Amino acid sequence: MTTLHRKLLSGERREAAEAAAGAPVTVLQIGEGNFLRGFFDWMIHECRKQGLFAGSVAVVQPRPSGKAKIEALAAQDGLYTLVTRGLEHGRPVERAEIVSVFSDVFDPYTEWERFGRLAERPELRFVVSNTTEAGLAYKPEPLAAGAPIQSFPGKIAWLLHRRFRALGGSEAGGLVFLPCELVERNGDELKRCVLRYCEDWGLPADFRRWVEEKNRFVNSLVDRIVTGYAADRADDWFREWGYEDPLMSTAEPYHLWAIEAEPALGDELPLRRAGLNVHWTSDLRPYQQRKVRILNGAHTLMTPLALLHGLTSVRETMEHPRFGPFVREAVEQEIIPAVPLPADELLAYAASVYERFLNPFLNHRLSDIAMNSLSKFKVRVLPSLLHYLEGAQPLPERLVRSLAGLLRYCRVERAEDGFAGRTLAGQRYLVRDDAALLEAFAGIWAAGEPLERTVGRLLGRTDAWGTDLSGAAGLAERVAKEIREMEGTSE
């Protein structure tokens, strides 16, 4: 069977692919992975379909290790199939579309000069990225003529300097950066890193002023689950489509992009006019808080407890007769009252979260979510619990139970392959978290002290929680009680 490429297409699909291939490059995309292809590129494709966007995207990979995928994408003329499947208004949907937005696909590490020439194109306007949290970071490296810059922010500093020299530092030559990395204030962080490279490399002061004054580094928050290649359905789909596509990806129907910028920027990037769930806002914090407290918070509060009880996926947990109601009640009765946003909006958002959790096509493994549960609890769940502790209100039953589940989940011993714990049924699991914290937790559990004393010592670890929780009235006793009840013991 033939692999997807432009000549394989006919009719409107062929016309759309050829039009994208010949369109001016107005977007540089750094990141060839599933997320951007199932999120941003799909959005641009929707805009082009509706005649709202005349530009195209040039895509490069952020790391040398992405060479194989970028070459595979180039071999398919920049085309790939996106399958959207999940629940919409309670009903399952599944639809496939060939996305055609790329006009330039190449490896910048072997074609560094080609990458530099992109900077000189006056029509280039936007730079979008997803290099992961680790990619959006400052790592010192030298500037050597003709040698590729390894770090993502370093590439941007180099690219901007080349653009500054080519276009004379004009205001019109400034770019808009839309980082999609899951880093708080990601635009601010990218700008900070870029300016640090400029300083390291001794780049001129007038160039640095141009970077700060004529370029936009926009903070944004992205939200969509893109699950990648669906091996369970691929062969059936390929027979149905009449072609193979090793770059096929899948995504849930839900999507959200909150961008901290004036709505007028939407005239250039008309995502909202295309009917997409994109919000131009003056304050990103409500969107971040809503997502972190409700969606991420629900993931984090359910995961240790569900794993201890032998559950394996988010959907299984939400369908469970005891844990499903537990998650919903925790969100609606304990988390939402602790978030300073309109309750009706939060309840509507929570309903959409439950629908996403119940996606019948998505196997979201709890073992994946469990990674770094201690730091996740500190950011995602603890602020809701502190709302009650600091307000001298009654302890929230379900949030306390989730904390008890986390402490019991982190009852570990050091082993050759890491830190190992046991479920309530005695099955072994590995905990992937901060090694120093797990070492400390293991030592506290191993001391064999009375449970209230053990829990108190765990809650007193400020390096885990950012504050000493051991003195919170009644908390250690309640947590110890919850652990006894889940283990079926009494003292």
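Structure: above.
Residues numbered from 1 in each chain as written. Predicted model: local features only at pLDDT ≥ 70, side-chain atom pairs only at ≥ 80, totals over all residues. Heavy atoms only, no water.

## Structural notes on the overall build of the protein chain
In terms of helices and strands, the protein chain carries 22 helices and 16 strands. Expected size for 491 residues packed as a compact globule is a radius of gyration near 23 Å; at 25 Å, the protein chain falls within 12% of this value. Sequence-distant contacts, at least 24 apart, represent 72% of the contacts inside the protein chain between residues at least 6 apart. When the accessible area of the protein chain is evaluated, it comes to approximately 20,900 Å², of which 48% is carbon and sulfur surface. Between the mean site of the 61 positive side-chain charges and the mean site of the 68 negative ones, the protein chain shows a separation of 1 Å. (Helix = DSSP H or I, 4+ residues; strand = E, 2+ residues; numbered from the N terminus. Rg over C-alpha atoms; globule rule 2.2 N^0.38 Å. Contact = heavy atoms within 4.5 Å. Areas by Shrake-Rupley, 256 points an atom, 1.4 Å probe, with all protein chains shown as cover. Lys, Arg positive; Asp, Glu negative; His and termini not counted. Charge placed at Lys NZ, Arg CZ, Asp CG, Glu CD.)

## With respect to the packing of helix α19 (residues 435-446) against helix α20 (residues 451-459)
Axis separation between α19 and α20 bottoms out at 9 Å; the angle between their running directions is 165 degrees. As judged from the angle between their axes, α19 and α20 are roughly antiparallel. In this structure, α19 crosses over α20, and the sense of that crossing is right-handed. For the pair α19 and α20, the contacting residues are Phe441, Ile444 and Trp445 in the first and Leu451, Thr454, Arg457 and Leu458 in the second. Here the contact of α19 with α20 is composed, by residue class, of 5 nonpolar, 1 polar and 1 charged. (Axes fitted to C-alpha atoms, helices over the stretch in contact; angles between N-to-C directions. Parallel < 35°, antiparallel > 145°, perpendicular 65-115°, else oblique. Left-handed = near helix turned anticlockwise from the far one by under 90°. Nonpolar A, V, L, I, M, F, W, Y, C, P; charged D, E, K, R; others polar.)

## Some details on the sheet that holds strand β13 (residues 278-281)
Pairing is mixed in the open sheet, where 3 strands are placed in the order β9-β12-β13. Edge positions in the open sheet fall to β9 (220-223) and β13, since each of these has one partner strand only. The average undirected angle you get between the axes of adjacent strands in this sheet is 10 degrees. Relative to strand β12 (residues 256-260), β9 runs antiparallel, the two being bridged by 4 bridges. Note on β12: the bridge partner recorded for Leu221 is Ala258. Against the sheet, helix α11 (residues 285-308) touches β9, β12 and β13, its axis set at about 35 degrees to β9. (Pairing = 2+ DSSP bridges.)

## A short note on the environment of Val455
Mapped onto the elements, Val455 comes out in helix α20. Using a relative accessible area of 0% as the deciding quantity, one classes Val455 as buried. Residues Val455 and Leu475 lie 20 residues apart in sequence; the distance between their C-alpha atoms is 9.2 Å. For Val455, the residues in contact, after removing those within four places along its chain, are Leu407, Ala476, Val479, Ala480 and Ile483. (Buried < 20%, exposed > 50% of the residue type's maximum accessible area, 1.4 Å probe, protein only.)

## So, the pairing of strand β1 (residues 25-30)
Within β1, 6 of the 6 residues are buried, which leaves it mostly tucked inside the rest of the structure. The pairing of β1 with strand β2 (residues 56-60) spans 5 bridges and is parallel. From the neighbouring strand, Leu28 faces β2, where its bridge partner is Ala58.

## Section: the packing of aromatic side chains
Applying the stated criterion across every chain, the model contains 19 aromatic pairs. Here the aromatic rings of Phe40 and Trp257 are separated by 5.9 Å at their centres, their planes lie at 90 degrees, and the arrangement is edge-to-face. Of this pair, Phe40 sits in helix α3 (residues 40-49) while Trp257 sits in strand β12, placing them 217 residues apart in sequence. Residue classification places Phe40 among the buried positions, given a relative accessible area of 1%. Counting every residue linked through ring pairs, the aromatic cluster contains Phe35, Phe39, Phe40 and Trp257. If you follow Arg37 out to its NZ or CZ, it ends over the ring of Tyr80, 4.8 Å from the centre. The ring of Tyr349 carries Arg290 above its face, with NZ or CZ at 4.2 Å from the centroid. (Phe/Tyr/Trp six-rings, centres within 6.5 Å; stacked < 30°, edge-to-face > 60°. Lys NZ or Arg CZ within 6 Å of the ring centre and 35° of its normal.)

## Observations concerning empty space enclosed by the protein
Taken as a whole, this structure holds 3 cavities of 30 Å³ or more when the rule is applied. Approximately 50 Å³ is the volume found for the largest cavity. Lining the largest cavity are Arg85, Ile225, Thr227, Thr250, Ala251, Glu252, Asn359, Phe361 and Leu362. Class assignment for the residues of the lining of the largest cavity results in 4 nonpolar, 3 polar and 2 charged. (1 Å grid on protein atoms, 1.4 Å probe; cavity = no way out; pocket = protein on both sides within 12 Å on 5 of 7 lines; lining within 4 Å. Points joined across faces, edges and corners; volume = space filled by probe spheres on them.)

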